[in-house]
Amino acid sequence: MAHVELSLSEVFGEAPAEQGSDNVGQWSGTVSRAAEPCLLIDADTCVVAISSSGCDLLCLGAPEDVIGLPLLEGGLRLVDFTASPSELTEQETDKIPPLLALHSGRLARGLLRVRRPGSDAGTTVDAISTPVLTGASVAGSLTFFSVV
């Protein structure tokens, strides 16, 4: 039978200066450069970073167009799963994974239906979100998306 031992001798090196010194700052650079569709929001629900593929999937234009804007005011159009899709209410949008992870401090997963510009139909997207901590408090949330 094989035997494997793991030894960690030191903590990973310091983050590059442009990424910032807290978790949100460190994740920001990673999300911005990611090939995967992902999004990072801060505690005020403002977009801190989003990958180009995340912008494409969520129909948000270019990353620089939404960074700094509140998530739901940056052009994200979520609709319900009915035959005739209508925009989600504020009560429903509070339960989307990026916001749920932010407010609950726990992992969140769910399906979203994103309305494409000039179309009544929506694209169904699976979203998995985790809170991002600074010390013991939730400072933001990190979400990864995939098309269903």
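We now turn to the structure provided with this report. (Residues numbered from 1 in each chain as written. Predicted model: local features only at pLDDT ≥ 70, side-chain atom pairs only at ≥ 80, totals over all residues. Heavy atoms only, no water.)

## Brief notes about the pattern of salt bridges
Part 1 of the argument: One pass over the structure, following the stated rule, counts 1 salt bridge.
Part 2 of the argument: A salt bridge links R109 to D126, with the nearest nitrogen and oxygen atoms 2.5 Å apart. In this pair, R109 sits in strand β3 (residues 108-115) while D126 sits in strand β4 (residues 122-134), placing the two residues 17 residues apart along the sequence. (Salt bridge = Lys/Arg side-chain N within 4 Å of Asp/Glu carboxyl O. Helix = DSSP H or I, 4+ residues; strand = E, 2+ residues; numbered from the N terminus.)

## Describing the side chain of T143
Part 1 of the argument: Of note, T143 is situated in strand β5 (residues 137-147).
Part 2 of the argument: Beyond its immediate stretch of four places on either side in the chain, T143 contacts P37, C38, L39, P98, A127, I128 and S129. (Contact = heavy atoms within 4.5 Å.)

## A look at the sheet that holds β5
Part 1 of the argument: Spatially, 5 strands are ordered β2-β1-β5-β4-β3 in an open sheet, and the strand pairing comes out antiparallel. One side of each edge strand has no neighbouring strand; the edge strands of this open sheet are β2 (47-50) and β3. Taken over all neighbouring pairs, the strand axes of this sheet differ in orientation by 25° on average, direction set aside.
Part 2 of the argument: Bridge analysis of strand β1 (residues 38-42) against β2 gives 3 bridges, and the strand direction is antiparallel. Across the sheet, residue L40 finds its bridge partner in β2, namely A49.
Part 3 of the argument: This element, helix α1 (residues 23-33), spans β1, β2, β4 and β5 of the sheet and lies at about 35° to β2. (Pairing = 2+ DSSP bridges. Axes fitted to C-alpha atoms, helices over the stretch in contact; angles between N-to-C directions.)

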